[in-house]
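# Coordinate inspection notes
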Amino acid sequence: MDAVYSAGLTIKKHYRGIRELSAFVRELGAALTYADMLERAVHSYVCAAVLRFKTNIWFQDVGYRPLELNGETLSIIHKVSAGNEPMLLMHLTEISDWAKSCREKHEFLFRKRLVIEPKDAESAGIEEPVAA
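Attention in this report is confined to the structure presented alongside it. Note that the structure is predicted; figures quoted are calculated from it, not measured.

### What to know about the overall build of the protein chain
Helix and strand counts for the protein chain come out as four helices and seven strands. Reading the protein chain from its N end, one meets helices and strands in the order β-α-β-α-β-β-β-β-β-α-α. Every one of the 132 residues in the protein chain was classed for burial, and the buried ones make up 30%. Across the protein chain, every contact between residues at least 6 apart in sequence was considered, and the portion connecting residues at least 24 apart equals 67%. A total of about 9,400 Å² of accessible surface is found on the protein chain, and carbon and sulfur atoms cover 54% of it.

### Looking at the environment of leucine 92
By the element assignment, leucine 92 lies in strand 7 (residues 85-92). As a C-alpha pair, leucine 92 and glycine 63 span 29 residues in sequence and 6.0 Å in three-dimensional space. Setting aside anything within four residues of it in sequence, one finds leucine 92 in contact with Thr33, Met37, His43, Ser44, Tyr45, Val62, Gly63 and Tyr64.

### Here's the deal with the pattern of salt bridges
Counted according to the given criterion, the structure contains five salt bridges. Where aspartate 36 meets arginine 40, a salt bridge forms, and the shortest distance between an N and an O atom there is 2.3 Å. Of this pair, aspartate 36 and arginine 40 are both found in helix 1 (residues 19-40), four residues apart, which corresponds to roughly one turn of the helix. Taking relative accessible area as the criterion, aspartate 36 reaches 16% and is therefore assigned buried. For arginine 113, the salt bridge identified is with glutamate 39, shortest N-O distance 2.7 Å. Remark: glutamate 39 occurs in helix 1 and arginine 113 occurs in the segment after helix 4 (107-111); sequence separation between them is 74 residues.

### Topic: the side chain of arginine 103
Relative to the assigned elements, arginine 103 resides in helix 3 (residues 97-105). Given a relative accessible area of 12%, arginine 103 falls into the buried group. Those residues in contact with arginine 103 that sit more than four places away from it in its chain are Ala31, Tyr34, Ala35, Glu39 and Phe110.

### Let's talk about the environment of threonine 33
Within the secondary structure, threonine 33 is located in helix 1. By relative accessible area, which is 7% here, threonine 33 ends up buried. Spatially, the C-alpha atom of threonine 33 lies 8.4 Å from that of isoleucine 95, the residues being 62 residues apart in sequence.

Calculation rules
Residues numbered from 1 in each chain as written. Predicted model: local features only at pLDDT ≥ 70, side-chain atom pairs only at ≥ 80, totals over all residues. Heavy atoms only, no water. Helix = DSSP H or I, 4+ residues; strand = E, 2+ residues; numbered from the N terminus. Buried < 20%, exposed > 50% of the residue type's maximum accessible area, 1.4 Å probe, protein only. Contact = heavy atoms within 4.5 Å. Areas by Shrake-Rupley, 256 points an atom, 1.4 Å probe, with all protein chains shown as cover. Salt bridge = Lys/Arg side-chain N within 4 Å of Asp/Glu carboxyl O.

Right, dumping it as structure tokens:
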């Protein structure tokens, strides 16, 4: 089964107080996750939610749930490369209705995106070039 690690989106510190920007970034992140599911046919995603920034709440809105083993939520991890931040591992298999609506709301951005692909995708080992 293919899986995607979904992470790395952030807003610079001096922009974090702008509510409209924060809402847009959350919506766009949800829309991109759903678009990725549709275009790549990958339906299993994992992420590490930074608890200090409460990203686990946003991830839950998208459809992520805490990663479990034998019915028990896995322990919090501390990511050394992120300043030892406590993080919750989460898993997505079913996208939320909210994330689907974000994709629809921002459809115009997806229609205008730039697609980058190699001239000869087959020689690069790519079965089907993926939109950027």
